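# Tertiary structure, described
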Amino acid sequence: MNAPPNRLNGLDLARCLALIGMVMVNFRLAIAPFPSAQDPLLAWLSPLEGRSAAIFVTLAGIGLGLATARLARDQAVAQTCRRAMFLLAVGLLNFTLFPADIIHYYAFYFLAACLLLPLSGRLLLAALGLTLSSAFALQLTLDYSRGWNWGELSYVDFWTPIGFVRNLLFNGWHPMLPWLGFAIWGLWLSRQPLARPKTQWALIAGGSLLALASGLLSAWLRDLTPAPLSAFLGTKPLPPGPLYMLNAGGIASAAIGGCLLLAARPRLAARLSPLLAAGRQTLTLYIAHILIGMGVLEEMGWLDSGELARAPLAAALYCIAAAAFAWLWSRRFRHGPLESLMRRICDRQGS
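The rules behind these values
- Residues numbered from 1 in each chain as written.
- Predicted model: local features only at pLDDT ≥ 70, side-chain atom pairs only at ≥ 80, totals over all residues.
- Heavy atoms only, no water.
- Helix = DSSP H or I, 4+ residues; strand = E, 2+ residues; numbered from the N terminus.
- Rg over C-alpha atoms; globule rule 2.2 N^0.38 Å.
- Buried < 20%, exposed > 50% of the residue type's maximum accessible area, 1.4 Å probe, protein only.
- Contact = heavy atoms within 4.5 Å.
- Areas by Shrake-Rupley, 256 points an atom, 1.4 Å probe, with all protein chains shown as cover.
- Lys, Arg positive; Asp, Glu negative; His and termini not counted.
- Charge placed at Lys NZ, Arg CZ, Asp CG, Glu CD.
- Expected span 1.5 Å × (residues − 1).
- Salt bridge = Lys/Arg side-chain N within 4 Å of Asp/Glu carboxyl O.
- UniProt positions renumbered as here; feature names shortened; annotations may be inferred.
- Core = buried A, V, L, I, M, F, W, Y, C linked by side-chain atoms within 4.5 Å.
- Axes fitted to C-alpha atoms, helices over the stretch in contact; angles between N-to-C directions.
- Parallel < 35°, antiparallel > 145°, perpendicular 65-115°, else oblique.
- Left-handed = near helix turned anticlockwise from the far one by under 90°.
- Nonpolar A, V, L, I, M, F, W, Y, C, P; charged D, E, K, R; others polar.

Under an unreviewed UniProt entry, the name given to the chain is Transporter, and the source organism is Chromobacterium violaceum.

This is the structure we're talking about:
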């Protein structure tokens, strides 16, 4: 089945590209969690860390904004809360297999975003600034390493009430402070004329300039700042300091603008149909890359092998298979398997 006529294909393309990047990052973590700093391949893979997921969360905010704009506010909030509970259950189950899971964080991004739906565009930007500044203040005040076993990249007290809340809000893989900022930015973008080339070029140019400026500023400040503080002025996702958020947010904006521009061309969009289909089934394909993809890697003896060169190969093979599956599935069904299950459980009005 084809996408609905009013759907922005560029958002599906961006979701697919974000998924490809996340598969690459997660397979790298599973295969070579502590690669040699001298490995030249690391220089190509490291920039994906925290960027692909940032695109994913920004798109979640856009999707939420666009979806709820078609519903009455009470209905939109109720539906979003039901979907959040579904994602929380799926994410926590996935966490037992893969501790870097992002899905359970999504549940709380959506719940928080529900509270922000009535805000104007200006107030959304104010909420974004407050989120980033609050996160930075906490990073400078609290012990960011609390709960972490960095030698194993594990969070030792995740399943305790205090540990869960700390991980969720402050120092997990994708904590709400500051990662909620990407979802807020997505909500703001959902109110812009994303189908217009002018908006798309503005996202590309503005996002690129922001990413470049934040990267240069980070490099300059880290040379001038004592070690305890410099880690929070970097552009790596752990810890997610303000310059990381600006850098990843700029890259996300540029990537989304570029995908919208490319997919607006009908001939090109037709050639990209397997990628667009995969972009409409990212929940299914994300969970599958843990259950199936990493299961195959385990059977092959590749998990924790330390062979960094295996990660791109494994990711490429999985993504090709995933796109082929999504394209074939889309010829008969409008939504992916997990997406259909979520809608059946959570959307009382159907879809």
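## Focus on the overall build of the chain
Of the regular secondary structure elements, the chain holds 16 helices and two strands. Taking 20 Å as the expected radius of gyration for a compact globule of 351 residues, we find that the chain reaches 19 Å, a close match to that expectation. When its C-alpha atoms are laid out on the principal axes, the chain stretches across 55 × 50 × 40 Å. Burial statistics for the chain: of 351 residues in total, 51% are counted as buried. Put simply, of all contacts in the chain between residues at least 6 apart along the chain, 78% involve residues at least 24 apart. For the chain, the accessible surface area stands at approximately 16,900 Å², while carbon and sulfur atoms represent 66% of it. Put simply, the chain has 27 plus and 15 minus side-chain charges, and the middle of one group is 18 Å from the middle of the other.

## Comments concerning helix H9 (residues 197-224)
Side chains of residues three or four places apart in an α-helix project in the same direction, reflecting 3.6 residues per turn. Here H9 spans 41 Å end to end across 28 residues, near enough to the 40 Å set by a 1.5 Å rise per residue. Along H9, the positions that sit buried rather than exposed are Thr199, Gln200, Leu203, Ile204, Gly207, Ala211, Ser214 and Ser218. Contacts made by the buried residues of H9 are with helix H8 (176-189) and helix H11 (242-263).

## Some remarks on unusual backbone geometry
Pro178 follows Leu177 through a cis peptide bond whose omega is 25 degrees. Position of Pro178 relative to the elements: it lies in helix H8. Look at the link from Leu238 to Pro239: it is a cis peptide, with omega at -5 degrees. Residue placement: Pro239 occurs in the loop between helix H10 (227-230) and H11. Even without being a glycine, Leu153 presents a positive backbone phi close to 50 degrees. Counting through the fold element by element, Leu153 comes out in the loop between strand S1 (148-149) and strand S2 (154-155). One non-glycine residue, Asp304, lies in the positive phi region at around 55 degrees. Considering the arrangement of structural elements, one finds Asp304 in the loop between helix H14 (282-300) and helix H15 (310-330).

## What to know about the pattern of salt bridges
Applying the stated criterion across every chain yields a total of five salt bridges. Between Glu49 and Arg28 there is a salt bridge whose closest N-O contact spans 2.4 Å. Here the residue Glu49 occupies a position in the loop between helix H2 (42-45) and helix H3 (51-68), and Arg28 occupies one in helix H1 (residues 9-31), the gap between them amounting to 21 residues. The exposure classification of Glu49 matches that of Arg28, with both residues buried. When salt bridges with common partners are traced through the structure, they connect Asp12, Arg15 and Arg280 into a single cluster.

## Quick word on the UniProt feature "transmembrane region" (unreviewed entry) in the chain
On the UniProt side, "transmembrane region" (unreviewed entry) is annotated at positions that read residues 12-32, 52-72, 84-100, 168-189, 201-221, 241-263, 275-297 and 309-329 here. Its end C-alpha atoms 25 Å apart, residues 168-189 is made of 82% helix and 0% strand. Between the C-alpha atoms that bound residues 275-297 there is a distance of 23 Å. The span itself is 91% helix and 0% strand.

## Quick word on the nonpolar core
Formed by 99 residues in total, the largest nonpolar core has its most connected members in Leu87, Tyr106 and Tyr109. Considering every element that reaches this core, the biggest residue donor is H1, with 14 residues. Once you skip the residues sitting within four places of it in the chain, Tyr106 turns out to touch Phe56, Val57, Ala60 and Leu87.

## Things to note about the packing of H1 against H11
Any two packed helices are characterised by the angle at which their axes cross and by the distance between the axes. Two numbers describe how H1 lies on H11: the axes approach to 7 Å, and their chain directions differ by 125 degrees. It follows that H1 is oblique to H11 by the angle criterion. Regarding H1 and H11, the two cross each other, and that crossing is right-handed. Along its contact with H1, which presents Asn9, Gly10, Leu11, Leu13, Ala14 and Leu17, the element H11 presents Ile256, Cys259, Leu260, Leu262 and Ala263. Across the contact of H1 with H11, the residue classes tally to nine nonpolar, two polar and no charged.

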